[in-house]
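Geometric and topological summary
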Amino acid sequence: MQEKKTKIILWTYLGLMVCFILMVTFGGDEKTHAPPDETAMSKEAHVTAAPETAIAEQGAQHQEASTSEVAEEPAKEENHVAEESHQTEEIHGASLPAEETTTTAHSVDQADHPATDPFKDKPTPDESLALLKIGNQRFVHGEPTRPHLNLARLIQAGSENQGKHAYATVITCSDSRVPVEAIFDAGIMDLFVIRVAGNVCDVDERGSIEYGLAHVNTPVLVVLGHTQCGAVTAVTQAVLGHDHKLERNIPPLVDNIVPAVKKAMADHPDVKGADIIPMAIEENIWTGIEELFMESPATRNLVATGKVKVVGAIYDVGEGTVEWLPEEKPMEILKKVEANPNKTVVK
């Protein structure tokens, strides 16, 4: 009996112990999972929001970086183009003479930035005239440089516009003793040349001159006569009554020279016979310039605006020298023509 009481007490004690343990256990678990205070909730909210904020900040940084890259892209592209251009110049520099390289670079620049004034990148009229004079001096002294007669210039001629290079238009006689490029020590694409017997300025020649000035954009026109001119001599002989039979098309070709011969005779009444020929050769130059101005409004405009200078000159076939006639004379002729009501005008 006593043994049963002991067992009941022991089991009761154990039961109480178990209840106490359970109370402690569940009571501590409830404390652990108790609702957090406001500080804890704020911290938890911050932690929860942090990933979204981080993503937003990263997006803003990415957008800023993208904008910076877009802004820097043109600069990078410009630098890249500049590097390629520099490399291209180095390649050209390795294969072309320095003068040709300059011209090529200049041509590229013109293509990228077309000039509104076609004469903008050409020599001035006075500079062009100086090139002709210096070239003739080299020729006369037997020291020609024969510029622009190399392979590089031929390649340019095959791919570039002559208007980028030619610096003078020259109308002269067809006489074989007047090799124009040689006497001015010029080369390919330097001179726009019109050759006709007696260097007359008839309709075909005037049209060719207009093309040389207004389309090839040469800053100077030289009307070049020469000593011992056969055309002027033949006309002079005809005026003196010593003419001879000519082929059908020659008289209308040289009839422009008749007024020049007659004016030379009138201005120099003391000069008789064939001695008037040198004076007639010079007068033929002035007559040609006057006919050009009378019939070419485009030429008058180019000269009046200073884009083109017209000069007269006489080449000595026995010496190689060029005698440059007074530069003010063409301007006097232009003034005279402008006052003439019969001049051709643009309609």
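Residues numbered from 1 in each chain as written. Predicted model: local features only at pLDDT ≥ 70, side-chain atom pairs only at ≥ 80, totals over all residues. Heavy atoms only, no water.

The next thing to look at is the side chain of R300. One can find R300 in helix α12 (residues 297-304). Those residues in contact with R300 that sit more than four places away from it in its chain are F293, M294, L334, V337, E338, K343, T344 and V345. (Helix = DSSP H or I, 4+ residues; strand = E, 2+ residues; numbered from the N terminus. Contact = heavy atoms within 4.5 Å.)

Core analysis: the biggest nonpolar cluster contains 42 residues, and I171, I209, L221, I257, I285, I289 and F293 have the highest contact counts within it. Here this core takes 9 residues from helix α11 (residues 277-295), the largest share from any one element. For I209, the contacting residues outside a window of four places in its chain are I171, I194, C201, L221 and L292. Y167, A168, L191 and L224 belong to the second-largest nonpolar core, a separate cluster that totals 19 residues. (Core = buried A, V, L, I, M, F, W, Y, C linked by side-chain atoms within 4.5 Å. Buried < 20%, exposed > 50% of the residue type's maximum accessible area, 1.4 Å probe, protein only.)

A few words on the pattern of salt bridges. The final tally for this structure, using the stated rule, is 12 salt bridges. For K309, the salt bridge goes to D126, with nearest N and O atoms at 2.5 Å. Placement of the pair is K309 in strand β4 (residues 309-315) and D126 in helix α4 (residues 125-140), with a sequence separation of 183 residues. When the shortest N-O distance is used, the salt bridge between K309 and E327 registers 3.0 Å. Residue K309 is located in strand β4, and its partner E327 is located in the loop between β5 (322-324) and α13 (328-338); the two are separated by 18 residues in the primary sequence. Ionic contacts of the salt-bridge type, sharing partners, join the residues D126, K133, K309 and E327 into one network. (Salt bridge = Lys/Arg side-chain N within 4 Å of Asp/Glu carboxyl O.)

Let us look at the pairing of strand β1 (residues 168-172). The buried fraction of β1 amounts to 5 of the 5 residues, a majority that puts the element mostly inside the structure. Burial along β1 is two-sided: A168, V170 and T172 and T169 and I171, pointing in opposite directions, are all buried. Relative to strand β2 (residues 191-195), β1 runs parallel, the two sharing 5 bridges. Within the sheet, the bridge partner assigned to A168 lies in β2 and is L191. Sheet analysis places β1 next to strand β3 (residues 220-226), joined by 4 bridges and oriented parallel. (Pairing = 2+ DSSP bridges.)

Here the focus is the packing of helix α8 (residues 230-239) against helix α10 (residues 258-267). It is at 9 Å that the axes of α8 and α10 come closest, and there the two elements cross at 65°. Seen from above, α8 lies across α10 with right-handed handedness. Within the contact between the two elements, α8 uses V235, T236 and V239 and α10 uses V258, V261, K262 and M265. A class-by-class count of the residues in the contact of α8 with α10 yields 5 nonpolar, 1 polar and 1 charged. (Axes fitted to C-alpha atoms, helices over the stretch in contact; angles between N-to-C directions. Left-handed = near helix turned anticlockwise from the far one by under 90°. Nonpolar A, V, L, I, M, F, W, Y, C, P; charged D, E, K, R; others polar.)

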